[in-house]
Amino acid sequence: MKKELIQDAELVSNYINGDESALSVLIERHKQKIYSFIYSKVYDRDITEDVFQDTFIKVIKTLKRGKYNEEGKFLPWVMRIAHNLVIDHFRKNSRMPKFDNTGEFSIFSVLSDSTLNAEKTLIKDQVESDVRRIIEELPEDQKQVLMMRMYQDMSFKEISERTGVSINTALGRMRYALINMRKVIEQNNIVLTN
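Cut-offs applied
Residues numbered from 1 in each chain as written. Predicted model: local features only at pLDDT ≥ 70, side-chain atom pairs only at ≥ 80, totals over all residues. Heavy atoms only, no water. Helix = DSSP H or I, 4+ residues; strand = E, 2+ residues; numbered from the N terminus. Contact = heavy atoms within 4.5 Å. Areas by Shrake-Rupley, 256 points an atom, 1.4 Å probe, with all protein chains shown as cover. UniProt positions renumbered as here; feature names shortened; annotations may be inferred. Axes fitted to C-alpha atoms, helices over the stretch in contact; angles between N-to-C directions. Parallel < 35°, antiparallel > 145°, perpendicular 65-115°, else oblique. Left-handed = near helix turned anticlockwise from the far one by under 90°. pLDDT = per-residue confidence, 0-100. Core = buried A, V, L, I, M, F, W, Y, C linked by side-chain atoms within 4.5 Å. Buried < 20%, exposed > 50% of the residue type's maximum accessible area, 1.4 Å probe, protein only. Phe/Tyr/Trp six-rings, centres within 6.5 Å; stacked < 30°, edge-to-face > 60°.

(A) Structural detail: the overall build of the protein chain. Along the protein chain, the regular secondary structure elements total 8 helices and 0 strands. Its helices and strands in sequence order give the protein chain the pattern α-α-α-α-α-α-α-α, from N to C terminus. By sequence separation, contacts in the protein chain at least 24 residues apart represent 48% of the contacts at least 6 residues apart. When the accessible surface of the protein chain is totalled, it reaches about 12,700 Å², and 50% of it is carbon and sulfur.

Here it is as C-alpha cells:
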C-alpha cells in the first residue's frame, strides 16, 4: 500500500503506538498547508518557521501524553494549534491586545487600536459593518454555528451538543457559512482590509 493512501487517523494511531515514521508522513503530507496558513498571518519567514516548529512540538507532546481526541480530522486540529500559537506570538510581541470576556467579539480585536488614525478608524468601522452585514445574510443555522465557533470560541463538539446536531453537521454548516460569505464578498466586490 502506498503511504498516501494511509488515512491520517491510522498514521496518528501508528505514531502513538511507536512508529516514529508515521509522524514524518503526516508532517510531509500537511506541511505546505500549515506553513502557508501561518505565513498568511505573520508575513515573516523566520516567525513562520518558529511557529511551525512550535506547532509540531505541541502536536508531538499532545500525542505522546495520549491527550489527542480524534473528534474530527488531524489537519483541522493542527491548524487550530497553529492558529493559537500565532495569537500567542502576537500577544507576546504586544501586537495584539488580549481579548476581553464581555462576550462581544470584534473582528478588529486583533488590531492595536492605539495606532489608528481617523482614516483607519473610518475604514475599520466600514469593514466591521460589512462583515456584520454579510453574517446577517447567512441562513440561520450557518450563522449560529459561525457565531459559536468564531465569536464564542466553542469547539465543534460543544456546538453539536448545544445545537443538537452531529459534529459533522456542525462542520458542514461552518464550511457552507464560509463559502457563502466568500460568495457575497466576491459578488459585491467587498474589500475587507484595514
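(B) View of the UniProt feature "domain: RNA polymerase sigma factor 70 region 4 type" (unreviewed entry) in the protein chain. The positions that UniProt labels "domain: RNA polymerase sigma factor 70 region 4 type" (unreviewed entry) are, in the present scheme, residues 131-169. Here residues 131-169 runs as 74% helix and 0% strand, with 24 Å between its end C-alpha atoms.

(C) Inspection of the packing of helix α1 (residues 8-16) against helix α3 (residues 45-64) at higher detail. Relative orientation of the contacting elements α1 and α3 amounts to 70 degrees, with a least axis distance of 9 Å. It follows from the interaxial angle that α1 and α3 lie roughly perpendicular. Seen from above, α1 lies across α3 with right-handed handedness. Facing α1, whose interface residues are Val 12, Tyr 15 and Ile 16, α3 presents Ile 60, Leu 63 and Lys 64.

(D) Representation of the confidence of the model for the protein chain. Overall, the prediction assigns the protein chain a mean pLDDT of 80, with 78% of residues at 70 or greater. Ranking the elements of the protein chain by mean pLDDT puts helix α5 (residues 118-136) last with 76 and helix α7 (residues 156-163) first with 92. Segment residues 96-101: pLDDT under 50, and 14 contacts once partners within four positions in sequence are set aside and those in other chains are kept. For residues 112-116, every residue scores under 50 in pLDDT, and the model assigns this stretch 6 contacts once sequence neighbours within four places are set aside.

(E) How the structure looks around the nonpolar core. In terms of nonpolar packing, the biggest core is built from 27 residues, with Ile 34, Ile 38, Phe 56, Val 59, Leu 63 and Phe 74 touching the most fellow members. Elements represented by at least two residues in this core include exactly α1, α2 (20-42), α3 and α4 (74-92). A total of 9 residues in this core trace back to one element, the largest contributor, which is α2. When residues no more than four places from it in sequence are discounted, the contact partners of Phe 74 are Asp 8, Val 12, Leu 26, His 30, Phe 56, Val 59 and Tyr 68. Core analysis: the second largest hydrophobic core is formed by 17 residues, Leu 138, Met 181, Val 184 and Ile 190 among them.

(F) Just the packing of aromatic side chains, in detail. Overall, the coordinates contain 6 aromatic pairs when judged by the stated rule. Arranged with centres 5.2 Å apart and planes meeting at 55 degrees, the rings of Phe 52 and Phe 56 form a pair that is tilted. Taken as a pair, Phe 52 and Phe 56 lie in helix α3 at a separation of 4 residues, close to a single helical turn. This pair shows no difference in class: Phe 52 is buried, exactly as Phe 56 is.

(G) Highlighting unusual backbone geometry. A positive phi angle is found at Tyr 43, which is not glycine, with a value near 50 degrees. Its location among the elements puts Tyr 43 in the loop between α2 and α3. The phi dihedral of Asp 153 falls on the positive side, at around 55 degrees, and the residue is not glycine. Topologically, Asp 153 is positioned in the loop between α6 (140-151) and α7.

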